[in-house]
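Observations on chain architecture
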Amino acid sequence: MLKNLSAEIKHFNQQPQNFRILVLTNMIYALVLPVIDIFVAAYVMRNSNDPTKVVIYQLTIYTGIPLTFLLNGFLLSRFNIKTLYSAGMLLSGVSMIVMMSLKTLDLTGIGIAGIIMGMSFGFYWANRDYLALSITNDQNRNYYYGLETFFYTIIAVVVPICIGWFIESGGEINVNNAYRIITGLVFIITILASVVCFRGQFHNPDEKTFLYLRFHPYWRKLLMLASLKGLAQGYLVTAPAMLIMLLLGKEGALGTAQSVGAIIAAVLMYIIGRAAKPEHRITIFAGGLICFALAAIFNGAFYNATGVVIFMLFLLLAKPLLDMAYFPIQFNVIDILSKKEKRNVYAYILNHEVGLYAGRFLGAGTFIFLAYYFSTEVALRYAIIIIAILQLLSIAVGKSIIKEGKALIKETTEKTTVVV
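Analysis parameters
- Residues numbered from 1 in each chain as written.
- Predicted model: local features only at pLDDT ≥ 70, side-chain atom pairs only at ≥ 80, totals over all residues.
- Heavy atoms only, no water.
- Helix = DSSP H or I, 4+ residues; strand = E, 2+ residues; numbered from the N terminus.
- Buried < 20%, exposed > 50% of the residue type's maximum accessible area, 1.4 Å probe, protein only.
- Contact = heavy atoms within 4.5 Å.
- Areas by Shrake-Rupley, 256 points an atom, 1.4 Å probe, with all protein chains shown as cover.
- Phe/Tyr/Trp six-rings, centres within 6.5 Å; stacked < 30°, edge-to-face > 60°.
- Axes fitted to C-alpha atoms, helices over the stretch in contact; angles between N-to-C directions.
- Parallel < 35°, antiparallel > 145°, perpendicular 65-115°, else oblique.
- Left-handed = near helix turned anticlockwise from the far one by under 90°.
- Nonpolar A, V, L, I, M, F, W, Y, C, P; charged D, E, K, R; others polar.
- Salt bridge = Lys/Arg side-chain N within 4 Å of Asp/Glu carboxyl O.
- pLDDT = per-residue confidence, 0-100.
- Expected span 1.5 Å × (residues − 1).
- Patch = residues over 30% accessible without salt bridge, like charges linked within 9 Å, V, L, I, M, F, W, Y side chains within 5 Å.

In terms of regular secondary structure, the protein chain is built from 16 helices and 0 strands. Relative to its 420 residues, the protein chain shows a buried fraction of 55%. Across the protein chain, every contact between residues at least 6 apart in sequence was considered, and the portion connecting residues at least 24 apart equals 87%. Per element, the accessible surface of the protein chain, about 17900 Å² overall, is 68% carbon and sulfur.

With that out of the way, let us pick up the packing of aromatic side chains. A complete count under the given rule lists 23 aromatic pairs for this structure. With a centroid separation of 5.2 Å and an interplanar angle of 70 degrees, the aromatic rings of Trp-219 and Tyr-348 are classed as edge-to-face. Of this pair, Trp-219 sits in helix α9 (residues 217-247) while Tyr-348 sits in helix α14 (residues 345-373), placing them 129 residues apart in sequence. Among the residues examined, Trp-219 registers a relative accessible area of 1% and is labelled buried. Considering the side-chain rings of Phe-327 and Phe-331, the 6.3 Å spacing of their centres and the 50 degrees angle between planes classify their relative orientation as tilted.

So, on to the packing of helix α4 (residues 51-75) against α14. Two packed helices can be described by the angle between their axes and the distance between those axes. Following both chains from N to C, one finds α4 and α14 inclined at 165 degrees, their axes separated by 10 Å at the closest point. By the angle class used here, α4 and α14 are roughly antiparallel. Classified by chirality, the crossing of α14 by α4 is left-handed. Per-class residue counts for the contact of α4 with α14 are 19 nonpolar, 4 polar and 2 charged.

Before going further, it helps to spend a moment on the pattern of salt bridges. By the definition in use, this model includes 8 salt bridges. We note a salt bridge from Arg-281 to Asp-138, for which the minimum N-O separation is 2.8 Å. Separated by 143 residues along the polypeptide, Arg-281 in helix α12 (residues 281-302) and Asp-138 in the loop between α6 (107-135) and α7 (141-169) bring together distant segments of the chain. Since its relative accessible area comes to 21%, Asp-138 is described here as partly exposed. With a closest N to O distance of 3.9 Å, Arg-343 and Glu-341 form a salt bridge.

On to the packing of α4 against α6, then. Relative orientation of the contacting elements α4 and α6 amounts to 45 degrees, with a least axis distance of 6 Å. Taken as axis vectors, α4 and α6 run oblique relative to one another. Judged by the sense of rotation from one axis to the other, the crossing of α4 with α6 is right-handed. When grouped by side-chain class, the residues that make up the contact of α4 with α6 number 17 nonpolar, 9 polar and 1 charged.

The next point concerns the confidence of the model for the protein chain. Within the protein chain, residue pLDDT values average 83, and 88% of them lie at 70 or more. Least confident of the elements in the protein chain is helix α10 (residues 251-259), whose mean pLDDT is 53; most confident is helix α2 (residues 17-29), at 91.

Position of Gln-330 among the secondary structure elements: in helix α13 (residues 305-341). You can call Gln-330 buried: its relative accessible area is 0%. Setting aside anything within four residues of it in sequence, one finds Gln-330 in contact with Leu-222 and His-352.

So, on to α2. End to end, α2 covers 18 Å across 13 residues, agreeing with the expected 18 Å (1.5 Å per residue, within 8%). Listed as buried for α2 are Asn-18, Phe-19, Ile-21, Leu-22, Val-23, Thr-25, Asn-26, Ile-28 and Tyr-29.

Examined against the element boundaries, Ala-388 turns out to sit in helix α15 (residues 376-391). With relative accessibility at 2%, the residue Ala-388 sits in the buried group. Each C-alpha atom of the pair Ala-388 and Ala-296 lies 6.7 Å from the other, and the pair is 92 residues apart in sequence. Discounting chain neighbours no more than four positions away, the residues touching Ala-388 are Phe-292, Ala-293 and Ala-296.

To continue, consider the environment of Ala-325. Residue position: Ala-325 is located in helix α13. With residues near it in sequence (within four places) discarded, Ala-325 still touches Arg-281, Ile-284 and Phe-285.

Let us look at a nonpolar patch on the surface. On the surface, a nonpolar cluster with roughly 380 Å² of combined accessible area is contributed by Phe-166, Ile-181, Leu-185 and Ile-188. The element best represented in the nonpolar patch is helix α8 (residues 175-197), accounting for 3 residues. Examined against the element boundaries, Ile-181 turns out to sit in helix α8.

On to the side chain of His-352, then. Note on placement: His-352 falls in helix α14. Owing to a relative accessible area of 3%, His-352 belongs among the buried residues under this scheme. Those residues in contact with His-352 that sit more than four places away from it in its chain are Trp-219, Leu-222, Leu-223, Ala-226, Tyr-326 and Gln-330.

Put into structure tokens, the structure is as follows:
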């Protein structure tokens, strides 16, 4: 076992410095992601007892993200990418401070905190996606995302359970004070992640033009896949908090449920990422989609404490499987088209966010519609099932993208050979 561990460490150390720095930066920042994704939603749920406000908060986040992707494109010509990347991490702490300072959780306050968090995600993901694309290639991307997913899932074992029981340990009176202490820790961790980030030799895009209205027809297929992915993103983040706070009622239970089965999932993700080749991506992707569909079906069928635990178990597998397959598929399309159309890769990263937002808006809108016109229970039980079934279409779209990508690569290779 020690020999295998030593071999894996050696393999990691053989990767380029920027590869290692980016992984370490994201690993440190991953310590705050469960807080941002789960416990902020739980805070809104606890203090408002209104799942609709949780979804509205999430929708304001998603509105801030594409706007910040656009802003980030302009700022890249004036600021170092490390500065913008760090700003994204630090803003997550600022957003939490704003949220915790609100005396009442009205829609205006929730909206402001959500927009700031959206800006945080926008700066973070826009620059993280560009850096991950620039420092990896199609052969080592499965390893990169497998490694990240391994650490994320391990962290998902420790952080949620520690935070959940820390919040409960102070009793009902001191719950909000516990949230404020956690917010302070989040800010410290984001500073540490920023310090590590500045050790990398990261470079801004050479090509400054990043706004285009027309793209190759192949790109439209990826936008369709992005929209289908966006449908479920809000549910993957907020559904666990809403379901557990409603059906189990405690942050400690929320933390424990998040940790159940996560160690097995972490090891599985690392093994898959280490061994998987590009041709395995659609199988991994389909596995994640099926796990999400099963999670939604069990939740809808039971809608009780048992259903929540089963939902969480399947979700712990679904989310990392989807991310591990989706990002390499996305980046491979950008690699192909940026060379074919001779454009800045950031142009595709920005436009991709439009597809994600369309799906996110539709998904959140479905929940809000069902909650207002029927009931919260109907929304939590059946909106997720509707979204999960629609997402299964992603398997066919993904297969088509991979097939056409191979044809475009072959076409480019043949043209190059003829010219030579």
